[in-house]
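One letter stands for each residue in the lines below.
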Amino acid sequence: MSHIFKFSGDFVKKRLRLRKTSDYLGLAWGMVFYVAFALWLPTSLFQKPLSFVITDANGQLLGAKVSDDGQWRFPPATALSEKYILSLITFEDKRFYLHPGIDPAGILRAAIANIKSRTIVSGGSTISMQLARMALEHSHRNILAKITEVFYALRIELSYSKNEILQIYASNAPFGGNIVGIEAAAWKYFNRNHMHLSWAEAALLAILPNNPAGLHPGKNRERLLERRNALLRKMHAQGYFDETTLEVSLAEPLPQKPLALPMIATHAMQKLFIEKKLERNAILPTTIQFNLQKSINELLLVHQNRLKANHIYNLAVIVTSVETGQVLAYAANFNLESDQIYQAHVDLIQAQRSTGSILKPFLYAALLTGGDITPQSLVPDIPIRYDGFSPQNFNLGYDGAVPAHRALARSLNVPAVYLLKNFGVEKFHKTLKDIGLTTITRSAGHYGLSLVLGGAEGKLWDLSAAYAGMARTLNHYQTYLGKYSPNDWHPNTFSTDILPTEIKSFKQQEYIFSASAIFETFDAMLDVERPEDEQMWQRLGAGRKIAWKTGTSFGFRDAWAIGVTPEYIVGVWAGNADGTGRPGLTGIQSAAPVLFDVYKLLPHTTWFLKPEADMEKVVLCHESGFLASSNCENTDTVYVPHACTKSAVCKYHKIIHLSADEKFQVHSNCESTANMVHKKWFVLPPVMEWYYKSANASYKPLPPYRADCQRTIGENQTRSMQIIYPKHLTSIYLPLDINNRKQQAVFEVAHRNSECNIYWYVDDKFAGNTFGYHRLEIDAAPGTHTLTLTDEYGENLKIIFTILEKL
């Protein structure tokens, strides 16, 4: 018997070992299956390229670029409308929230239906299974594919919530043609965000992915309408909406062919597409305001009809918020991508163009910040020449001397160059870089004095941001209790993230422009020279205070206009993208009308508060605008920027000595002091006086010197005469004209008395005489010569000059 028990024991042990081995094998296979099942699902179900989409802050579509594979596939929806969810679940998967990814009841129902029809009429697929089929890219229905989809659906259900599954499905479902995803479909078929669809529209989009190739608005429309209406009736029966809503929904027509997407900010979209390479996986909200952008696009087309008569074909407008720097409208050209003839595709807000006079306010603000001038200081406006550079005013005339604020308002070139010469090109060059002009890339010496007249290039993007920085600084001066923050200077932005209002960085003494200097600059810009058409001016400027500045580049190639209020910056550029100049292409005629029309589209604006804490009361000479001296009899008590308290004292008021009858000037060498009459007199240098008195009838020229009291007072100048041109007489080279003949030397002289004769002598030989306007061409051989000028009162001016034979 023992051998029987031994056999039984061995058998049991062997069976136990086999069972243990089998369990291990089963466990191992189970682990393999589990790992495979766990790793089967990729990190992202879909790796397809996406369309680049931008919207306004409220979700309104501004523009989109088709994806790299030619599909309108918008970035995934972050939320779905209730109407669409109810429509989708009612149509595709009524037990969606109850099953784990597969619906046995649904499969049984489909099987019975297929058997009865002897063909496949229903697949019994759940939304999760359909999502699995899309992710696996199964194009044919068969048993193996169905089994794979079942397991894939189960795996999806373990990885995602029900709401996430709906969002992924809706974002990747096909809707006919090259339209993929609920968001693209809503815009292509109904021109609106899917969150704003009607019941009928939501029902249609729930149906389309079921058979997008065979059933869509362009194919089998009657069958599609029947299915949509059947779904609507089913949802009504389930109590989702009332009878009235059903009737209205059933009456809604089907859409026609897919619509063109809104494209009202194409240049902004292109700019952001380039900048946001790593952020293209979501719809990008921007600060652009849809209605404002659309209105400005329409406005530009109106002005195009006005400008194209003069062969001016391009316009650009940017509108930004002063407080945040956010871009509210970005119309960088006419919104016509197909227009290649006039280069409508060029982004002219980012284009580098000659600045013309648009930089002058920055120089003016810098001068006031440093106390170099007061707003009322007289600035020379006479013919000047610096190292071969001879600036001219737009009207080709001169006023002799102009108050600084009027020189800015009238955009006079000569005073601007004079001020820049005294301020320093290098200092101004640094200032422009400090305020964010990224196009100032060359040395100060490269630009020279032309820097303030368009010798540099600028971008409308940078310029609008710089003016916004000035406005922010002034707005915040009160808020920050007289302190300054470098955070007030920053580029424009499309970001919807509002910049923090609590500024932690203050620099009491370090600022680019003082608040009072900015205020005075904007105040001067209120009085910018008006158009000659007064009726046009009334149409433009009525109703609100706007600080504005225009600019025109050399050759009439660029027309600028920038407007500033405490709330908004509006920048305008007009011209031709290819650089073609046109007569009449000026800031005042081409760009300013656009500027004011844009402001009419904006809400009500206010005006800047006067920064009184940064201003001082001073006494200024009424005539010269400098700090009054003891010789200034007419004075004005005004508030000026604090730094202006250290500006120069009036140098133009002097005590002069007259004969007893006050008809002549005298001096102690020709008249006894006891017989003199002493008077305080406003005296400008002869050249300034020559031009100034013609524009200022109140100016009283000095009486002439009595014949026995004549004398010279300096190089190239007497009491009454002064050389205007050439300014510095040393050596003169006379080039050949187009006929290969040597040109004549040209001299120009100013005399205090506008009705005085001057007699010209070269090397003691009479060369001619002039009256009123003193300009003479002199034919002189190479060598050194003496030019003698004698007026009818006997006053003499002698000049020695040399004519060069060759350079």
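Sequence order as written defines the numbering, with residues in each chain counted from 1. Per-residue local features of the predicted model are confined to residues with pLDDT of at least 70, and side-chain atom pairs are confined, for both listing and counting, to 80 or more; whole-chain, interface and lining totals are unaffected and use all residues. To obtain the side-chain values, all non-hydrogen atoms of the structure were used and water was disregarded.

(A) Up close: the environment of Ala77. Secondary structure follows DSSP: runs of H or I at least 4 residues long count as helices, runs of E at least 2 residues long count as strands, and numbering of each begins at the N terminus. Turning to its location among the elements, Ala77 is positioned in the loop between strand 3 (72-73) and helix 2 (82-92). When the C-alpha atoms of Ala77 and Tyr169 are compared, they prove to be 9.8 Å apart, with 92 residues separating the residues in sequence. In what follows, a contact means two residues having at least one pair of non-hydrogen atoms within 4.5 Å. Not counting residues within four places of it along the chain, the set of residues in contact with Ala77 comprises Gln167, Ser171 and Ile182.

(B) A look at the environment of Ala515. Relative to the helices and strands, Ala515 is located in helix 19 (residues 515-525). With a relative accessible area of 0%, Ala515 lands in the buried category. With near-sequence residues (within four places) excluded, Ala515 lies in contact with Leu474, Tyr477, Tyr484, Pro611 and Asp614. Using a 1.4 Å probe on the protein chains alone, a residue whose accessible area is under 20% of its type maximum counts as buried, one over 50% counts as exposed, and one in between counts as partly exposed.

(C) Looking closely at the pattern of salt bridges. A pairing counts as a salt bridge when a side-chain nitrogen of Lys or Arg comes within 4 Å of a carboxyl oxygen of Asp or Glu. By the definition in use, this model includes 12 salt bridges. Residues Lys600 and Asp597 are paired through a salt bridge, measuring 3.8 Å at the closest nitrogen-oxygen approach. Of this pair, Lys600 and Asp597 both sit in helix 21 (residues 587-601), three residues apart, which is roughly one turn of that helix. What makes Lys600 partly exposed here is its relative accessible area of 47%. Residue Asp597 is classed as buried on the basis of its relative accessible area of 13%. For Arg706, the salt bridge is made with Asp708, and the minimal N-O distance between the two is 2.9 Å. For Asp708, a relative accessible area of 47% gives the class partly exposed. Look at the salt bridges and you will find they share partners, linking Glu671, Arg706 and Asp708 into a network.

(D) Main features of the side chain of Ser464. In this structure, Ser464 sits in helix 18 (residues 460-479). Contacts of Ser464, omitting those with residues within four sequence positions, involve Ile318, Asn492, Ile562 and Ile569.

(E) Spotlight on the sheet that holds strand 6 (residues 314-321). Strands were regarded as paired on the criterion that DSSP finds at least two bridges between them. The strand order across the open sheet built from five strands is 7-6-14-13-12, with neighbouring strands paired in antiparallel fashion. Of all the strands in the sheet, the pair left with one neighbour each is strand 7 (327-331) and strand 12 (547-552). Adjacent strand axes in the sheet meet at a mean angle of 10° when their direction is disregarded. Direction of pairing for strand 12 relative to strand 13 (residues 558-564): antiparallel, over a ladder of six bridges. Bridge pairing in strand 13 links Thr550 to Ala561. Structural elements are reduced to axes, namely lines fitted to C-alpha atoms, with helices fitted over the stretch in contact, and the angle between N-to-C directions of any two is expressed from 0 to 180 degrees.

(F) Summary view of the state of the cysteines. Here, two cysteine sulfur atoms that lie within 2.5 Å of each other are counted as a disulfide. Enumeration over the complete set of coordinates arrives at one disulfide. The residue that forms a disulfide with Cys670 is Cys709, at a sulfur-sulfur distance of 1.7 Å. Taking the sign of the torsion about the S-S bond as the criterion, the disulfide between Cys670 and Cys709, at about 105°, is right-handed. Within this pair, whereas Cys670 is found in the loop between strand 17 (653-658) and strand 18 (677-682), its partner Cys709 is found in the loop between helix 22 (686-695) and strand 19 (712-714), the two being separated by 39 residues in sequence. Taking relative accessible area as the criterion, Cys709 reaches 0% and is therefore assigned buried. The thiol of Cys650 is unpaired, and the distance to the nearest cysteine sulfur, on Cys632, comes to 3.7 Å.

(G) Structural view of the confidence of the model for the protein. Chain-level statistics for the protein give a pLDDT mean of 85 and a share of 84% at 70 or above. Per residue, pLDDT measures the predictor's confidence, with a range of 0 to 100. Contacts of residues 1-8 to residues separated by more than four positions or lying in other chains number zero contacts, the stretch itself having pLDDT below 50. Scored below 50 in pLDDT, residues 32-37 shows five contacts in the model against residues more than four places distant or in partner chains.

(H) Up close: the nonpolar core. We call a set of buried residues a nonpolar core when its members are Ala, Val, Leu, Ile, Met, Phe, Trp, Tyr or Cys and they connect through side-chain atoms within 4.5 Å of each other. Within the largest apolar cluster, 141 residues are counted, with the highest numbers of intra-cluster contacts made by Val319, Tyr330, Phe362, Phe428 and Phe522. Per-element tally for this core: the top contributor is helix 18, with 10 residues. Those residues in contact with Phe428, other than ones at most four positions away along the chain, are Leu359, Phe362, Leu363, Leu420, Phe423, Leu451 and Val452.

(I) The arrangement of the sheet that holds strand 1 (residues 52-55) in detail. Here three strands make up an open sheet; going across it, the order is 2-1-5 and the pairing mixed. Each edge of the open sheet carries a strand with a single partner, namely strand 2 (61-65) and strand 5 (284-285). Of the strand pairs in this sheet, strand 1 and strand 2 are connected by four bridges, and their pairing is antiparallel. In the sheet register, Phe52 faces strand 2, and the bridge partner there is Lys65. Helix 11 (residues 266-275) contacts strand 1, strand 2 and strand 5 of the sheet and is inclined by roughly 125° relative to strand 1.

(J) Geometry of the packing of helix 13 (residues 360-370) against helix 19. Relative to each other, helix 13 and helix 19 sit at 140°, their axes nearing to 8 Å. In terms of orientation, helix 13 and helix 19 fall into the oblique class. You can see that helix 13 and helix 19 cross each other, and the crossing is right-handed. On helix 19, the residues that touch Pro361, Tyr364, Ala365, Leu368 and Thr369 of helix 13 are Ala517, Glu520, Thr521, Ala524 and Met525. For the contact of helix 13 with helix 19, a count of residues per class yields seven nonpolar, two polar and one charged. Roughly parallel here means an angle under 35 degrees, roughly antiparallel means over 145, roughly perpendicular means 65 to 115, and every remaining angle is called oblique. The hand of a helix crossing depends on one turn: near helix anticlockwise from the far one by less than a right angle means left-handed, and clockwise means right-handed. Put simply, Ala, Val, Leu, Ile, Met, Phe, Trp, Tyr, Cys and Pro go in the nonpolar bin, Asp, Glu, Lys and Arg in the charged bin, and everything else, Gly too, in the polar bin.

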